[in-house]
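Working through the structure, step by step
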Amino acid sequence: MQREVGSLPLAPALRAKLVAAGFQTAQELLETGPCGLSKELGISKEEALEALQVVRQDCHGDAARTAGGSGTTRKCTALELLEEEQAQGFIITFCSALDNILGGGVQLTKITEICGAPGVGKTQLCMQLAVDVQIPECFGGVAGEAVFIDTEGSFMVDRVVDIATACVQHCQLIAEAHQEEDHLKALETFSLESILSHIYYFRCRDYIELLAQVYLLPDFLSEHSKVRLVVVDGIAFPFRHDFEDLSLRTRLLNGLAQQLIIIANDHKSAVVLTNQMTTRIGQNQSTLVPALGESWGHAATVRLIFHWDNSQRADLWRMILEARRNEDDPSKNSWQRCTNHRVRRSQPYRITLHLMASEMCSLQLSLKMQKILK
């Protein structure tokens, strides 16, 4: 661990940066971690993580970390997995309540499923994430691109324009408040046109087109290496009709889930799915549950379930109308600014979060937000 930085098997340019930053031994590098090393050297988190893995392998003589034959199973430690997750980051939403309950935002390399009744805001959140994934790193984002696979025809480009415009304005306010050079530089390329040009839209009209698109997606992602978000809106619609053989449907869904997991891991992307709700009839009552059955419920790492609270739908409609009446007076137009930027209500709907720990159990957390967080 006391090996000098100059003797490490790293690129000469990287060794020079390490020496210039004051690093002397391999131990100092490993204690810094990928995030700290990225900031110290001005390199990406992925480059920092790769450098640390090379250093650890060289110091410990861990030959199993190198790529072996085609049948070799990748071996790593829990510490290395933790460092990988910390280096990958999250897609932030600028909604502190939602980011907090998700542990910082929508996590890369994981599958997040958004469930809820029609009109509750599933597609709205997906369109928002397609914009949020492009937020520059200096603002806390991942500076990525998005793939949006639409099976229901609910993608509204006008709404995306509203969200993107408000997101740019919000970042401009942050830059004006902090007056940091990297913020101002990032805003030179973070514009409405840039955001729209980096959302890749695919329309799939049946389950055959959806399966074909998902299985061909790795080739597209290899050509567009900056993609950090894949949205499928919605996953249930193509599979809820024209299926007489339910066992075939289950096999197709399991294969689809496995392919999405591979995409999320191999391309360091977040996969976000929307799912409809269906009625489960019990002995004494009926309940709304996510569609596609129990086996599908274990496909996602995180499941968000949105519920309406009482007559919240009517309250939402009144607030939108009020905002439209105040368009001529920006000082009275607070709801319009919020809705253009984020999905917010005066008494927001309840969010139920399921963390799928294994196929045998799940941890359910409920959050009922009572006020708007800036």
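Next up on the list: the pattern of salt bridges. For the structure on display, the rule yields three salt bridges. Glutamate 113 is paired through a salt bridge with arginine 303; the nearest N and O atoms lie 2.8 Å apart. Remark: arginine 303 occurs in strand E10 (residues 302–307) and glutamate 113 occurs in strand E3 (residues 111–116); sequence separation between them is 190 residues. For glutamate 113, a relative accessible area of 0% translates into the label buried. Close ionic contact of arginine 280 with glutamate 294 constitutes a salt bridge, the shortest N to O distance being 2.5 Å. Here arginine 280 is found in strand E8 (residues 277–281), whereas its partner glutamate 294 is found in helix H12 (residues 293–296), with 14 residues between them in sequence. Under the relative-accessibility criterion, glutamate 294 is labelled exposed at 53%.

A few words now on unusual backbone geometry. The linkage connecting aspartate 233 with the following residue, glycine 234, adopts the cis geometry, with an omega of 0°. Mapped onto the fold, glycine 234 is located in the loop between strand E6 (227–233) and helix H11 (246–266). Positive phi outside glycine occurs at phenylalanine 94, with the angle close to 65°. Tracing the backbone through its elements, the reader meets phenylalanine 94 in the loop between strand E1 (90–91) and helix H5 (96–101). Judged by relative accessible area, which is 16%, phenylalanine 94 ranks as buried.

What follows concerns the layout of surface pockets. Each pocket or cavity is described by its volume, and for the second largest pocket that value is around 690 Å³. Along its surface, the second largest pocket is lined by 26 residues, and Lys45, Ala87, Glu137, Gly141 and Val142 are the ones closest to its centre. Looking at the lining of the second largest pocket, the elements with two or more residues in it are helix H2 (26–41), helix H3 (45–60) and helix H4 (78–88). Residues that form the lining of the second largest pocket fall into these classes: nine nonpolar, 11 polar and six charged.

Along an α-helix, a turn takes 3.6 residues, which lines up residues three or four apart on a common side. Burial runs high along helix H6 (residues 122–132): 11 of the 11 residues are buried. Taken together, the buried positions of H6 are occupied by Lys122, Thr123, Gln124, Leu125, Cys126, Met127, Gln128, Leu129, Ala130, Val131 and Asp132.

Below, the discussion takes up H4. If you check which residues of H4 are buried, you get Glu80, Glu83, Glu84, Ala87 and Gln88. For H4, the angular spread of the buried residues around the axis is 130°, confining them to a single face. In the segment just after H4, glycine 89 is the residue with positive phi, at about 80°.

Let's shift gears to the packing of helix H1 (residues 12–20) against H2. Closest axis-to-axis distance for the H1/H2 pair is 12 Å, and the angle between their directions is 100°. The pairing of H1 with H2 is recorded here as roughly perpendicular in orientation. Touching Leu14, Lys17 and Leu18 of H1 are Leu29, Leu37 and Leu41, all from H2. Here the contact of H1 with H2 is composed, by residue class, of five nonpolar, no polar and one charged.

In this section: the nonpolar core. Membership of the largest hydrophobic core comes to 44 residues, with the highest contact counts inside it found for Ile91, Phe190, Leu229 and Val272. At the level of elements, H5, H6, strand E4 (145–150), helix H7 (157–178), helix H8 (181–187), E6, strand E7 (270–275) and E10 are the ones that each hand at least two residues to this core. Among the elements that line this core, the one with the most residues is H7, at seven residues. Residues in contact with phenylalanine 190, not counting those within four places in the same chain, are Gln134, Ile135, Pro136, Cys167, Val168, Cys171 and Ile195. Core analysis: the next-biggest nonpolar cluster, separate from the first, contains 32 residues, Ile111, Ala236, Leu292 and Ala299 among them.

Analysis parameters
Position numbers for residues start from 1 in each chain and track the written sequence from start to end. This being a predicted model, a pLDDT of at least 70 is required before a residue's local features are given, and a value of 80 or more before pairs of side-chain atoms are given or counted; all residues contribute to the totals for chains, interfaces and linings. The side-chain numbers reported here are obtained from all heavy atoms of the structure, hydrogens and water having been left aside. The rule for a salt bridge is simple: a side-chain nitrogen of Lys or Arg has to be within 4 Å of a carboxyl oxygen of Asp or Glu. Secondary structure elements follow DSSP: runs of H or I of four or more residues count as helices, runs of E of two or more count as strands, with numbering from the N terminus. Only protein chains enter the accessibility calculation, which uses a 1.4 Å probe; a residue whose area is less than 20% of its type maximum is buried, one above 50% is exposed, and one in between is partly exposed. Put simply, the grid is 1 Å and covers the protein atoms alone, a cavity is a trapped set of points that fit a 1.4 Å probe, a pocket is an open set with protein on both sides within 12 Å along at least five of seven lines, and lining residues have an atom within 4 Å of a point. Grid points are joined across faces, edges and corners, and a volume is the space filled by probe spheres set on the points. Here the term charged refers only to Asp, Glu, Lys and Arg, the term nonpolar to Ala, Val, Leu, Ile, Met, Phe, Trp, Tyr, Cys and Pro, and the term polar to all other amino acids, Gly among them. What the arc measures is the spread of directions leading from the helix axis to the C-beta atoms. To get an axis, fit a line to the C-alpha atoms, keeping to the stretch in contact for a helix; angles then go from 0 to 180 degrees between the N-to-C directions. The scheme is simple: roughly parallel for angles under 35 degrees, roughly antiparallel for over 145, roughly perpendicular for 65 to 115, oblique for anything else. Two residues qualify as a contact provided that any one of their heavy atoms is within 4.5 Å of a heavy atom in the partner residue. For the purposes of this section, nonpolar cores are sets of buried Ala, Val, Leu, Ile, Met, Phe, Trp, Tyr and Cys residues that join through side-chain atoms within 4.5 Å.

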